[in-house]
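Now for the letters of each chain:
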Amino acid sequence: MTAGAPRVRTVRIWSAIHTWTSLLSMAFLLMLCLTGLPLIFHHEIDHALGYEPVVPEMPAATPRLPLDTLVAAAEARKPGAVVQFVSFDKDEPDTVLIGLARTLQQVPGDHFVGLDRRTATVLIESRPGAGPMGFLLKLHTDMFLGLPGKLFLGVMALLFVAAIVSGLVLYGPFMRKLDFGTVRHTRSARIRWLDWHNLIGVATVAWALVVGATGTINTWADLMLALWQGGQLAEMTAPYRGVPRPQTLVSIDTAVARAQMAAPDMTPRLVAFPGTAFSSNNHYAVFMAGKTPLTARLLKPALIDAETGRLTDMRAMPWYVQALFLSQPLHFGDYGGLPLKLVWALLDGATIVVLGSGIYLWIARKRSVAPNPASAVSAKRSSPLEPSA
């Protein structure tokens, strides 16, 4: 056995890993990239199509109505439904989104009402997943299969990460005789596409790893939230276990004001009503967030006794939930406004080219298998990374 034999064998192993992890995940990754491209601009598209509210201009000093008034206005739009949550948009502080459903425990709810906080005017009404972006988001996140679909796509994302890592391992030996960025225009179409595949792949590797890793984390969202509900939330509400829901609830304005007193440097993002999945039978859960671009993504729940209005507990959520909250906007480039979204779109398009060229190269290599022994010997001598011309 020659000295270079172990190295050649190692390269062939990595080549096999790269080939099969790519092939197994390729179709699903193409679907994710194609659906992810418009989802990068989902706010802009929803706004253009009328699925996000148009907030009227009013004087800056216009006072806001009590939250109880807004909740009553939403309930009037859906008689017989119960309010599950009140959500605040950090980018539209004069609006509020109220979620209603037939029961408090129904997940997801079945009706959203968006109101102007200054006038109680209904700005928008919708159902979960409404509109083209809702359809694409559902296809992108779970292929309409629920948790099994999410976990399956998580496995595909892990295969994608494995394909990226193996591609990096192979790139060094492949490029040892070529300058970085070389595209051999005088060679066959297959060789030219191989060079482009490698060049675009290595140029976008950091972004691809980030998107692949955050995509994997996002597929575990349901499991993480269930773990939080059964762990920290259960611990925070343990003294109230078995206590029935109060007949009369304190004002939601009282609950939010008490949470803001406990965290004056934070703002409310979500209020879960007593009896819903993100609170307890006896608490409003007021989820507070910071005011910087980073801390605005991290939530800290304050539990307010729904009968007395007293703060009973307030804790930062576990690290794995915080990791989830940070990964979700990073996955879609939702941290830096439109400029970052445009960068994300360009990188997404480049990844589509890498995936498409990978499929072409695999098919082209299969077709190029020589029918005679001499060419077969030549193929065996060629690098596993560079098909013989």
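Residues numbered from 1 in each chain as written. Predicted model: local features only at pLDDT ≥ 70, side-chain atom pairs only at ≥ 80, totals over all residues. Heavy atoms only, no water.

(A) Geometry of the overall build of the protein chain. Along the protein chain, the regular secondary structure elements total twelve helices and eight strands. For 389 residues, the compact-globule estimate of 2.2 N^0.38 gives 21 Å, and the protein chain exceeds it by more than 25% at 27 Å. Dimensions of the protein chain along its principal axes, counting C-alpha atoms only, are 85 × 45 × 35 Å. The buried share of the protein chain, reckoned over its 389 residues, is 43%. For the protein chain, the accessible area works out to roughly 19700 Å², and carbon and sulfur atoms hold 66% of it. The distance from the centre of the 34 positive side-chain charges to the centre of the 26 negative ones in the protein chain is 17 Å. (Helix = DSSP H or I, 4+ residues; strand = E, 2+ residues; numbered from the N terminus. Rg over C-alpha atoms; globule rule 2.2 N^0.38 Å. Buried < 20%, exposed > 50% of the residue type's maximum accessible area, 1.4 Å probe, protein only. Areas by Shrake-Rupley, 256 points an atom, 1.4 Å probe, with all protein chains shown as cover. Lys, Arg positive; Asp, Glu negative; His and termini not counted. Charge placed at Lys NZ, Arg CZ, Asp CG, Glu CD.)

(B) Inspection of the sheet that holds strand β8 (residues 311–314) at higher detail. Strand order in the open sheet formed by eight strands is β4-β3-β2-β1-β5-β6-β7-β8, and the pairing between neighbours is antiparallel. Either end of the sheet is taken by a strand with one partner, and the two such strands are β4 (122–126) and β8. Adjacent strand axes in the sheet meet at a mean angle of 20° when their direction is disregarded. (Pairing = 2+ DSSP bridges. Axes fitted to C-alpha atoms, helices over the stretch in contact; angles between N-to-C directions.)

(C) The arrangement of the pairing of strand β2 (residues 92–101) in detail. Both strand β1 (residues 82–89) and β2 contribute to a ladder of seven bridges, which runs antiparallel. Looking at β2, one finds that valine 86 is bridged to isoleucine 98. The turn linking β1 back onto β2 is made up of two residues. In this sheet, strand β3 (residues 111–116) lies alongside β2 in antiparallel orientation, the contact comprising six bridges. Bridge pairing in β3 links threonine 95 to aspartate 116.

(D) Inspection of the side chain of aspartate 110 at higher detail. Take aspartate 110: it is sitting in the loop between β2 and β3. Residue classification places aspartate 110 among the buried residues on the basis of a relative accessible area of 6%. A polar contact is formed between the side chain of aspartate 110 and the side chain of arginine 102, at a distance of 2.9 Å. Apart from residues no more than four positions distant in its own chain, aspartate 110 is found in contact with Lys78, Leu100, Ala101, Arg102, Arg127 and Pro128. (Polar contact = N/O pair within 3.5 Å; in protein donor to acceptor, adjacent residues only side chain to side chain. Contact = heavy atoms within 4.5 Å.)

(E) Up close: the packing of aromatic side chains. Tallied over the entire structure, the rule returns nine aromatic pairs. With a centroid separation of 4.8 Å and 75° between ring planes, the pair formed by phenylalanine 28 and phenylalanine 152 is classed as edge-to-face. Placement of phenylalanine 28 in helix α1 (residues 5–39) and of phenylalanine 152 in helix α5 (residues 147–174) is noted, with a sequence separation of 124 residues between them. Ring geometry for tryptophan 319 against tyrosine 320: centres 5.9 Å apart, planes inclined by 85°, an arrangement best described as edge-to-face. (Phe/Tyr/Trp six-rings, centres within 6.5 Å; stacked < 30°, edge-to-face > 60°.)

(F) Quick peek at the pattern of salt bridges. Enumeration over the complete set of coordinates arrives at twelve salt bridges. Salt-bridge contacts for lysine 341 lead to glutamate 44; the nearest nitrogen and oxygen are separated by 3.1 Å. Remark: glutamate 44 occurs in helix α2 (residues 42–49) and lysine 341 occurs in helix α11 (residues 337–367); sequence separation between them is 297 residues. Classification of lysine 341 as buried rests on a relative accessible area of 4%. Notably, a salt bridge pairs glutamate 235 with arginine 315, separated by 3.1 Å at the nearest N-O pair. Here glutamate 235 is found in helix α8 (residues 221–236), whereas its partner arginine 315 is found in the loop between β8 and α10 (319–331), with 80 residues between them in sequence. Judged by relative accessible area, which is 25%, arginine 315 ranks as partly exposed. By sharing partners, the salt bridges in this structure join Arg64, Asp94, Asp116 and Arg118 into a single network. (Salt bridge = Lys/Arg side-chain N within 4 Å of Asp/Glu carboxyl O.)

(G) Region of interest: the environment of tryptophan 228. In this structure, tryptophan 228 sits in helix α8. Along the backbone, tryptophan 228 and leucine 299 are 71 residues apart, and their C-alpha atoms lie at a distance of 13 Å.

(H) Region of interest: helix α3 (residues 67–77). All of the buried residues in α3 are Leu67, Leu70, Val71 and Ala74. Angularly, the buried residues of α3 cover 100° about the axis, an arc narrow enough to put them on a single face. (Arc of directions from axis to C-beta.)

(I) Examining a nonpolar patch on the surface more closely. Taken together, the side chains of Leu147, Leu151, Leu158, Trp220 and Leu223 make up a nonpolar region of the molecular surface, amounting to roughly 410 Å² of accessible area. With three residues, the top contributor of residues to the nonpolar patch is α5. Position of leucine 151 relative to the elements: it lies in helix α5. (Patch = residues over 30% accessible without salt bridge, like charges linked within 9 Å, V, L, I, M, F, W, Y side chains within 5 Å.)

(J) Expanded view of the pairing of β8. Both strand β7 (residues 299–305) and β8 contribute to a ladder of three bridges, which runs antiparallel. Looking at β8, one finds that isoleucine 304 is bridged to leucine 311.

(K) A look at the confidence of the model for the protein chain. For the protein chain, per-residue confidence averages 87 on the pLDDT scale, and residues scoring 70 or more make up 92% of the total. Contacts for the low-pLDDT stretch residues 373–389, under 50 throughout, to residues beyond four places or in other chains number 25 contacts. (pLDDT = per-residue confidence, 0-100.)

(L) Broad picture of the environment of leucine 294. Looking at the secondary structure, you find leucine 294 in the loop between β6 (283–289) and β7. As for leucine 294 and valine 354, which are separated by 60 residues in sequence, their C-alpha atoms are 31 Å apart.

(M) Summary view of unusual backbone geometry. Backbone geometry at methionine 143 places phi at a positive 55°, although glycine is not the residue there. Looking at the element boundaries, methionine 143 is found in the loop between α4 (131–142) and α5. One non-glycine residue, phenylalanine 144, adopts positive backbone phi at about 65°. Within the element layout of this structure, phenylalanine 144 appears in the loop between α4 and α5. A relative accessible area of 43% means that phenylalanine 144 is categorised as partly exposed.

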